[in-house]
Amino acid sequence: MHRQYISILEEIFQIIADSGSPEHTLNRIVALVAQRFSVDVCSVYVYHPAEKRLVLEANVGFKTEPVGAISMRVDQGLTGLAIETMHPVFVVDPSTHPRYKHYPGIGEEAYRTFLGLPLKYHQQILGVLVIQTLSEDGIPSDHIPIFEYIASQISATVAYTGLLANQSRERNGAAMPGPTDTPGDPQSSGRRPYHRNYLRGDPVSPGVADGYAHYLPESIDFDQIRHGVSEQPASEKSRLETAIAASDAQIRRVMEMARELSPEEAAVIDAHLMFLSDPSLKQKIFNRIASGSSAEYALKQVIFEYVDVFRGFADSYLSERAADVLDIGRRVLANLIGADSDFPSTFERPTVIIASDISPVDLLAIRQPALKGMVLSKGGRTSHTVILAKSFEIPVVIGVDDVIETVRQGDRLIVDGMSGFVFANPPPEIREEYQRRQDEEEKLSRQRRLIKDLPAVTRDGLSVSLGANIGLLSDMDLVKKYGAENIGLYRTEFQFLLRKDFPTEEEQFQLYRSMLQSAEGRSVTIRTFDAGGDKFLPYLDAPKEDNPFLGWRSIRLSLDLDAVFRTQIRAMLRASAFGRADILFPMITCVTEVHRIREILASEKTGLDGRKAKYDKNLRVGIMVEVPGTIGILDRLLQYVDFISIGTNDLVQYLLAVDRNNKKVAALYNVLHPSVISAIQEIVTICNRKNVPVNICGEAASRPECLLLFIGMGATRFSMNASAIPAAKDFIRSIRQADARNALDAALCLEDAGAVGRMIQDVMKKAI
Ligand code: PEP
Ligand code: MG
């Protein structure tokens, strides 16, 4: 089926996610269908089972605004016939049909075709989608299966999202039966119906994951439970009973296992058990459930009441017990959700990790073929976890606040890393739809890979180099698969996050040599350890900092740990004899650092000369420009380096004072901010003037809208996550540098990132 039809479902999801009221949503859906299929009228009639009537709820194309005013019994009109027969009703010249029902004033008599499609979901009748055209051949009969398909997808989507159920409830005062759990999915049987079965966050790593939800234990906390409601108190009570019993059993097991507990520790655990078995605790939670709260929310409210009481005691022993109460509460909460209390090692089935956030170290520890996707309630677009996930080709959606309230351990999930939708226990229609989309994507990426060996050159002849950012030796497979010309950034620290101690010179040498050899002649820009910030080396023994991104990070740490730094430099120098290596130093702030680095390099080279060890005598030295303060002294810095690499991930966070990993301020983190654009332009212009090669290696380098601006500035070297290269190349081959320059000039006059984004979208639609 044509991609145009397939992607309509995506747009419907989008409409549902963006719209406020059901009326507005339905109206946007009918407008979309009318526009996509060039039909003159599109309407949705909603079925009201109590009265067995169909009411017009959304329409485009009628002369007047008849919504709400037109209704009919199901035994009336062609629309009713679609419900009676439960089949599409297609009629040419409908006014001559015996079931035709005339509504004066809306101009319906002018339409020469009528197609009524029942909207149904399993056994549930939702309504009718009606399409009408002025021309007799406006609906070719071979298009009817396409419309049927669209109607079935609309039905599944609206039923699944509860859209029509809400619509009906509002008008009738009674709810239609809501969507049920996925038939035949054992994971979902016996669960309370969800308030909502889809969620939306920020898509940060593309692709679609289909797997079972698995919570990371430490990420379950009450701050993610905000407003749970339930209409099924009996089942909520029994879930709570089960969770309390499970918690009790777990605590008893801990007690048995830890025989050497001191009397004080045993007393604390005893107190936990007593608290859990206190009937008034249970009763308080039950009361809240009875008044409509979900078990999780009721638990939160009661636990917080106790915490407040304990915290209010003047006696410090008693006030500290608040922490114990919270601990117990969290344990019961984890059991309610069904999460494991241990960190997972292997997954037996396709798995989607759910967590508030996850560190790069943890991701490396749990990475395995069965890990299909991740949904994080916090997280940042350019966090190193996300960067790693992209290189593992694992779809990720971040910023999904209500995930804990919606998803249970073991739920079947679809994670859409392109649109940000996450579906819990989706019905077969949605699973099939995604399967189809995945097939389409694969086809598209196969086509894109056909241009793998073609140059990245704009339509007006500007040659651009596209390199890969890598972190692990295994990434080299992707470099080849996606046709990267070089390795523009090799982040050495990833490889060492999981270790117990700093790697020796020999270990590092072996690794860098393997990397260079498997690069098969491509140049590899090896960056020294960029530890700190969100890449915490467990063996570093660093003090906890209030602002780790502004603290002891990256080159600052390397220069302080002289022996560690020199070891790495020696290993890199020795490896340089085995391929085309460049060496890159991250997070430079001032010229003094560069002088110090050059001294260390020179002395290590002398040392190697003394050992008669081989290394590349012409090894090029570069620095990362990612601290805004370096821009003002760039001309001075450039005297001491052979090239620079712009790290947009950090440059944006430092220029705009926005933590790259903090979801709360994520909306402000935007590389299209005019100040960021002009800062990058200044860097590129200075480098071009001084003839010093400049590479752009942050995540922005793979985004078409940014590429357009960067090319407009005269930048020609980029490096990115390898799998993004084919699309970037495709884009570059479709643009002209002249258009890029115009877009840049326009962007620099605009007020904010939103305006820049809109302007670029327009340029990309029109000029390219
Ligand atoms: C950057 O800051 O843009 C960059 C490439 O480095 P990292 O993401 O590793 O900090
Ligand atoms: Mg950086």
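Details of the structure are given in the entry above.
The rules behind each value
Residues numbered from 1 in each chain as written. Chains lettered and ligands numbered in written order. Predicted model: local features only at pLDDT ≥ 70, side-chain atom pairs only at ≥ 80, totals over all residues. Heavy atoms only, no water. Donors = N, O, S within 2.8 Å, 3.2 Å for Na, K, Ca; no water. Helix = DSSP H or I, 4+ residues; strand = E, 2+ residues; numbered from the N terminus. 1 Å grid on protein atoms, 1.4 Å probe; cavity = no way out; pocket = protein on both sides within 12 Å on 5 of 7 lines; lining within 4 Å. Points joined across faces, edges and corners; volume = space filled by probe spheres on them. Nonpolar A, V, L, I, M, F, W, Y, C, P; charged D, E, K, R; others polar. Salt bridge = Lys/Arg side-chain N within 4 Å of Asp/Glu carboxyl O. Buried < 20%, exposed > 50% of the residue type's maximum accessible area, 1.4 Å probe, protein only. Axes fitted to C-alpha atoms, helices over the stretch in contact; angles between N-to-C directions. Parallel < 35°, antiparallel > 145°, perpendicular 65-115°, else oblique. Left-handed = near helix turned anticlockwise from the far one by under 90°. Contact = heavy atoms within 4.5 Å. Near = heavy atom within 4 Å. Areas by Shrake-Rupley, 256 points an atom, 1.4 Å probe, with all protein chains shown as cover. Expected span 1.5 Å × (residues − 1). Pairing = 2+ DSSP bridges. Core = buried A, V, L, I, M, F, W, Y, C linked by side-chain atoms within 4.5 Å. Phe/Tyr/Trp six-rings, centres within 6.5 Å; stacked < 30°, edge-to-face > 60°.

S.K.: Quick question: what am I supposed to make of the coordination of the magnesium ion (ligand 2) here?
M.R.: Coordination of the magnesium ion (ligand 2) by the protein involves Glu626 (OE) and Asp650 (OD), with metal-donor separations of 2.0 to 2.1 Å. A residue pair is termed long-range when its members are at least 10 positions apart, and glutamate 626 in the loop between strand E20 (620–625) and helix H20 (634–637) and aspartate 650 in helix H21 (residues 648–656) qualify at 24 residues.

S.K.: Honestly, empty space enclosed by the protein in this entry has me stumped. Any pointers?
M.R.: Empty space left among the atoms is revealed by rolling a probe the size of a water molecule over them. Summed over the entire model, instances satisfying the criterion amount to four cavities of 30 Å³ or more. The computed volume of the largest cavity comes to approximately 120 Å³. The leading source of residues in the lining of the largest cavity is helix H3 (residues 77–85), at three residues. Here the lining of the largest cavity is composed, by residue class, of seven nonpolar, three polar and two charged.

S.K.: Help me understand the pattern of salt bridges in this model?
M.R.: Between side chains of opposite charge, a pair can form when the charged atoms approach closely. Counted by the stated rule, this structure contains 37 salt bridges. The closest approach of N and O atoms between aspartate 210 and arginine 412, which form a salt bridge, is 2.7 Å. Taken as a pair, aspartate 210 in strand E9 (residues 208–215) and arginine 412 in strand E13 (residues 412–416) lie far apart in primary sequence, 202 residues in all. The partly exposed category is assigned to aspartate 210, whose relative accessible area is 30%. For arginine 412, a relative accessible area of 17% corresponds to the buried category. In this structure, arginine 570 engages glutamate 604 in a salt bridge whose closest nitrogen and oxygen atoms are separated by 3.0 Å. On the criterion of sequence distance, the pair formed by arginine 570 in helix H18 (residues 562–575) and glutamate 604 in helix H19 (residues 591–611) is long-range, its members being 34 residues apart. Judged by its relative accessible area of 19%, arginine 570 is buried.

S.K.: Would you explain the packing of H21 against helix H22 (residues 674–690) in this entry?
M.R.: Between two packed helices, both the angle of their axes relative to each other and the distance between the axes serve to describe the pair. Interaxial distance between H21 and H22 falls to 10 Å at its minimum, and their mutual angle equals 125 degrees. With respect to their mutual orientation, H21 and H22 come out oblique. Between H21 and H22 lies a crossing of right-handed hand. Along its contact with H21, which presents Thr648, Leu651, Val652, Leu655 and Leu656, the element H22 presents Ser675, Val676, Ala679, Ile680 and Ile683. Residues that form the contact of H21 with H22 fall into these classes: eight nonpolar, two polar and no charged.

S.K.: Mind showing me how you'd approach the site of ligand 1 here?
M.R.: Around ligand 1 lies a shell of 17 residues, among which His384, Arg491, Arg527, Asn649 and Arg660 are the nearest. Within the complex, the protein chains bury 100% of what would otherwise be the 290 Å² of accessible surface of ligand 1. Residue assignment for the shell around ligand 1 shows that the elements contributing at least two residues are helix H12 (384–391), strand E17 (487–491) and H21. Its residues placed into classes, the shell around ligand 1 shows four nonpolar, five polar and eight charged.

S.K.: In this structure, what is going on with the packing of helix H23 (residues 704–713) against helix H24 (residues 725–732)? I would like to understand it.
M.R.: The interhelical angle for the contact between H23 and H24, taken along N-to-C directions, is 50 degrees, at an axis separation of 10 Å. By the angle class used here, H23 and H24 are oblique. Where H23 crosses over H24, the two elements pack in a sense that is right-handed. Residues Pro704, Leu707, Leu708 and Ile711 of H23 touch H24, and the partners they reach there are Ala728, Phe731 and Ile732. Residue composition of the contact of H23 with H24, grouped by class: seven nonpolar, no polar and no charged.

S.K.: Where do I start with helix H9 (residues 295–311) in this structure?
M.R.: Every α-helix winds through 3.6 residues per turn, so residues three or four apart in the chain are directed the same way. Across its 17 residues, H9 extends 24 Å between first and last C-alpha, which sits within 8% of the 24 Å expected from 1.5 Å per residue. For H9, the complete set of buried residues consists of Ala295, Glu296, Ala298, Leu299, Lys300, Val302, Ile303, Tyr306, Val307 and Phe310.

S.K.: Help me out: how do you make sense of the sheet that holds strand E3 (residues 71–73) in this one?
M.R.: Within a sheet, neighbouring strands are paired by backbone hydrogen bonds and run either parallel or antiparallel to one another. Pairing is antiparallel in the open sheet, where six strands are placed in the order E3-E2-E1-E6-E5-E4. Two strands lie at the open edges of the sheet, namely E3 and strand E4 (89–92), each paired on one side alone. Across this sheet, the average inter-strand angle for adjacent strands is 20 degrees, counted without regard to direction. Pairing geometry for strand E1 (residues 41–48) and strand E6 (residues 124–133), over six bridges, is antiparallel. Its bridge partner lying in E6, serine 43 is registered against valine 130.

S.K.: Honestly, the pairing of E4 in this entry has me stumped. Any pointers?
M.R.: The side chains of a regular strand alternate between the sheet's two faces. Burial of E4 is one-sided: the residues Val89 and Val91 facing one way are buried, the residues Phe90 and Val92 facing the other way are not. Note that E4 and strand E5 (residues 113–121) share four bridges and pair antiparallel. Bridge assignment links valine 89 to a residue of E5, and that residue is glycine 116.

S.K.: Would you mind showing me how to read the nonpolar core here?
M.R.: In terms of nonpolar packing, the biggest core is built from 132 residues, with Phe585, Ile644, Ile680, Leu709 and Phe718 touching the most fellow members. Tallying contributions element by element places H22 first for this core, with eight residues. With residues up to four places along the chain from it excluded, the contact list for phenylalanine 585 reads Thr528, Ile555, Phe565, Ile569, Ile597, Leu601, Val621, Gly622, Ile623 and Met624. Of all hydrophobic cores here, the second largest spans 48 residues; its members include Leu299, Tyr306, Ile328 and Leu336.

S.K.: Even after reading the chapter, I still don't get the packing of aromatic side chains, so can you show me in this structure?
M.R.: The description of two aromatic rings rests on the distance between their centres and on the angle between their planes. Counting across every chain of the model gives 11 aromatic pairs. Between phenylalanine 222 and phenylalanine 304, the aromatic rings sit 5.7 Å apart at their centres with planes inclined by 80 degrees, giving edge-to-face as the arrangement. A residue pair is termed long-range when its members are at least 10 positions apart, and phenylalanine 222 in the loop between E9 and helix H6 (233–257) and phenylalanine 304 in helix H9 qualify at 82 residues. Look at phenylalanine 222 and you get buried, because its relative accessible area is 1%.

S.K.: Just checking my understanding: could you explain H12 for this structure?
M.R.: Counting buried residues in H12 gives eight out of eight residues, a clear majority hidden from the surface. Two residues or fewer after H12 comes glutamate 393, characterised by a positive phi angle close to 55 degrees.

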